[in-house]
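Residues per chain, in single letters:
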Amino acid sequence: SQKIEQNSEALNIQEGKTATLTCNYTNYSPAYLQWYRQDPGRGPVFLLLIRENEKEKRKERLKVTFDTTLKQSLFHITASQPADSATYLCALDIGGGNKLTFGTGTQLKVEL
Amino acid sequence: DTAVSQTPKYLVTQMGNDKSIKCEQNLGHDTMYWYKQDSKKFLKIMFSYNNKELIINETVPNRFSPKSPDKAHLNLHINSLELGDSAVYFCASSHDRTSGNTIYFGEGSWLTVV
């Protein structure tokens, strides 16, 4: 069955550093991969989508890479700020119909 | 203006009761979803409707019955609530069911069954 795993339950980094989050999947070849942010007590919010033919996508301080050979996506936040503290979720459309399957999530904490 | 709104935000109820969660989206989207997030924060799809038609029905007990009176609304009714139903339920929508569409989530409904 499809598995989507994200690195460690929690990641603590210092303000100003680059945070790197990992999303690994098995048994599937997705056409694209999405990243969402979820704050405590709120619903997930879409951040970025990367397609299988794109190696990298950027949006302001965010960068996503997609390696379909390794079956892995990396999500980078450069010059991290305490306001970036949240849980980050990767998601794939496994069965079509925009039916997203989410990863386990990584809780990021940016400390002063 | 809230894009996807759901009510109630918090719901505490006893085992065996029947309850409903309502959801409305004002984005003009064709597709709506219900997701469940358990205590371990794992987010899993339950149902998806496209223009009032059920298109995704994951392995969910029959006690859960979605209803879509029109494409802007998708309600979730739960019969005979059990302790294990305690979770956060998120309503969501997307422009249509084409893969790659951004999904817009509501703020969640916290259901606690006691």
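Here the structure is a predicted model, which means the values were calculated and not measured.

This part takes up the nonpolar core. Grouped together as the largest cluster of nonpolar side chains are 23 residues, with contacts concentrated most on L21(A), L33(A), W35(A), F75(A), I77(A), Y88(A) and L108(A). Of all the secondary structure elements, the ones that give two or more residues to this core are β2 (10-14), β3 (19-26), β4 (32-38), β5 (45-51), β7 (62-67), β8 (72-77), β9 (86-93) and β11 (106-111) of chain A. In contact with I77(A), other than residues within four places in its own chain, are K17(A), T18(A), A19(A), R61(A), L62(A), D84(A), Y88(A) and L108(A). Formed by 20 residues, the second largest nonpolar core is a distinct cluster that contains L11(B), V60(B), Y89(B) and V113(B).

Residues and elements named next belong to chain A. The strand order across the open sheet formed by 5 strands is β1-β3-β8-β7-β6, and the pairing between neighbours is antiparallel. Pairing within the sheet leaves two strands with one partner each, and these edge strands are β1 (3-6) and β6 (56-59). Averaged over all adjacent pairs, the angle separating strand axes in this sheet is 15°, with direction ignored. Strand direction decides the pairing type here: β6 and β7, joined by 4 bridges, are antiparallel. Residue E56 lies in a different strand from β7, and its bridge partner there is T65.

Among the secondary structure elements, W110(B) is positioned in strand β11 (residues 109-113). Considered as a pair, W110(B) and V88(B) are 22 residues apart in the sequence and their alpha carbons are 4.5 Å apart. When residues no more than four places from it in sequence are discounted, the contact partners of W110(B) are G41(A), R42(A), K9(B), Y10(B), L11(B), A87(B) and V88(B).

This structure, assessed with the given rule, holds 14 aromatic pairs over all chains. Centre to centre, the rings of Y10(B) and W110(B) are 5.8 Å apart; their planes meet at 45°, and the pair counts as tilted. With Y10(B) in strand β2 (residues 10-13) and W110(B) in strand β11, this pair connects stretches of sequence that are 100 residues apart. The exposure class of Y10(B) is exposed, given its relative accessible area of 60%. Ring geometry for Y33(B) versus Y35(B): centroids 6.2 Å apart, planes at 45°, classification tilted. Through pairs of rings, three or more aromatic residues link up here, namely Y36(A), F46(A), F102(A), Y10(B), Y33(B), Y35(B), F90(B), F105(B) and W110(B).

Parameters and conventions
- Residues numbered from 1 in each chain as written.
- Chains lettered and ligands numbered in written order.
- Predicted model: local features only at pLDDT ≥ 70, side-chain atom pairs only at ≥ 80, totals over all residues.
- Heavy atoms only, no water.
- Core = buried A, V, L, I, M, F, W, Y, C linked by side-chain atoms within 4.5 Å.
- Buried < 20%, exposed > 50% of the residue type's maximum accessible area, 1.4 Å probe, protein only.
- Helix = DSSP H or I, 4+ residues; strand = E, 2+ residues; numbered from the N terminus.
- Contact = heavy atoms within 4.5 Å.
- Pairing = 2+ DSSP bridges.
- Axes fitted to C-alpha atoms, helices over the stretch in contact; angles between N-to-C directions.
- Phe/Tyr/Trp six-rings, centres within 6.5 Å; stacked < 30°, edge-to-face > 60°.

Note that every value here comes from positions in space, so none of it alone points to a role or purpose.
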